[in-house]
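Below, each chain spelled out in residue letters.
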Amino acid sequence: MTLEALKNANRVIGIKQVAKAVKRGNAKEVFIAKDAEARVTEPLMALCEEQQVPVSQESTMQELGTACGIEVGAAAAAVIGQ
């Protein structure tokens, strides 16, 4: 899945919301900004690995925020299923 897919998908934004979605089993794919602080993103990456959720880490916080339709950067976002 690409960042473009985030624009129209059901999604959650932010480390805490993404972590909740992963724990609930709702996250289909997680996007983590490559320029976000490692101390913030590492626990989420470990959680995704544990839950076998694919992670993409190619975009910056600004690109991720823009793809989600918000005016600020986002450290993480996830496409969620119903």
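Refer to the structure above for everything that follows.
First things first, this report covers the structure right here in the doc. (Residues numbered from 1 in each chain as written. Predicted model: local features only at pLDDT ≥ 70, side-chain atom pairs only at ≥ 80, totals over all residues. Heavy atoms only, no water.)

**Points about the sheet that holds strand E3 (residues 55-56)**
To keep things clear, this is the line we draw: A pair of strands is treated as paired once DSSP finds two or more bridges between them. What counts as a helix is a DSSP run of H or I of at least four residues, what counts as a strand is a run of E of at least two, and both are numbered from the N terminus. Any two residues having at least one pair of non-hydrogen atoms within 4.5 Å are treated as being in contact. Axis lines are fitted through C-alpha atoms, for helices just across the contact stretch, and the angle between N-to-C directions can take any value from 0 to 180 degrees.
The four strands are arranged E1-E4-E2-E3 in an open sheet whose pairing can be described as mixed. Both edges of this open sheet fall to strand E1 (11-13) and E3, since each of them pairs with a single strand only. In the sheet, strand E2 (residues 27-32) pairs with strand E4 (residues 76-80) via five bridges, with the strands oriented antiparallel. Bridge pairing in E4 links Ala-27 to Ile-80. Those strands touched by helix H2 (residues 15-24) are E1, E2 and E4, and its axis lies near 35° from that of E4. Across the sheet, helix H3 (residues 38-51) is in contact with E2, E3 and E4; its angle to E2 comes to roughly 150°.

**Notes on the side chain of Ser-56**
Defined as follows: The definition of a polar contact used here is a pair of N or O atoms within 3.5 Å, where within protein one atom must be able to donate a hydrogen and the other to accept one, and adjacent residues in sequence count solely through side-chain atom pairs.
Residue position: Ser-56 is located in strand E3. At 3.4 Å, the side chain of Ser-56 forms a polar contact with the side chain of Glu-58. Excluding residues that lie within four positions of it along the chain, Ser-56 makes contacts with Glu-29, Val-30, Phe-31 and Ile-32.

**Details of the packing of H2 against H3**
The condition that has to hold: Between 65 and 115 degrees an angle is taken as roughly perpendicular, under 35 as roughly parallel, over 145 as roughly antiparallel, and anywhere else as oblique. Take the far helix as the reference: if the near one is turned anticlockwise from it by less than a right angle, the crossing is left-handed, and if turned clockwise, right-handed.
Viewed as axis vectors pointing N to C, H2 and H3 meet at an angle of 15°, and their least axial separation amounts to 10 Å. Taken together, the axes of H2 and H3 lie roughly parallel to each other. The way H2 lies across H3 gives a crossing that is left-handed. Each of Ile-15, Val-18, Ala-19, Val-22 and Lys-23 in H2 lies in contact with H3, whose residues at this interface are Val-40, Thr-41, Leu-44, Leu-47, Cys-48 and Gln-51.

**Concerning the pattern of salt bridges**
To keep it simple, the criterion reads: Counted as salt bridges are all cases of a side-chain nitrogen of Lys or Arg within 4 Å of a carboxyl oxygen of Asp or Glu. Here's how the labels work: a residue is buried when its accessible area is under 20% of the maximum for its type, exposed when over 50%, partly exposed in between, all with a 1.4 Å probe on protein chains only.
As enumerated under the stated definition, the model contains two salt bridges in all. In this structure, Lys-7 and Glu-4 form a salt bridge, with 3.6 Å as the shortest nitrogen-oxygen distance. Of this pair, Lys-7 and Glu-4 both sit in helix H1 (residues 3-8), three residues apart, roughly one helical turn. The residue Glu-37 makes a salt bridge to Arg-39 at a minimum N-O spacing of 2.9 Å. Look at Arg-39 and you get exposed, because its relative accessible area is 65%.

**What to know about the nonpolar core**
Selection rule: Buried Ala, Val, Leu, Ile, Met, Phe, Trp, Tyr and Cys residues that are joined via side-chain atoms within 4.5 Å together make up what is termed a nonpolar core.
Val-18, Val-22, Ala-27, Val-30 and Leu-44 are the most contacted members of the largest nonpolar core, which totals 14 residues. Mapped by element, the contributors of at least two residues to this core are H2, E2, H3 and E4. Here the element with the most residues in this core is H2; it accounts for four residues. Each residue touching Val-22, except ones within four places of it in the same chain, is listed here: Ala-27, Val-30, Leu-47, Cys-48, Gln-51 and Val-53. Formed by 11 residues, the second largest nonpolar core is a distinct cluster that contains Phe-31, Leu-64, Cys-68 and Ala-75.

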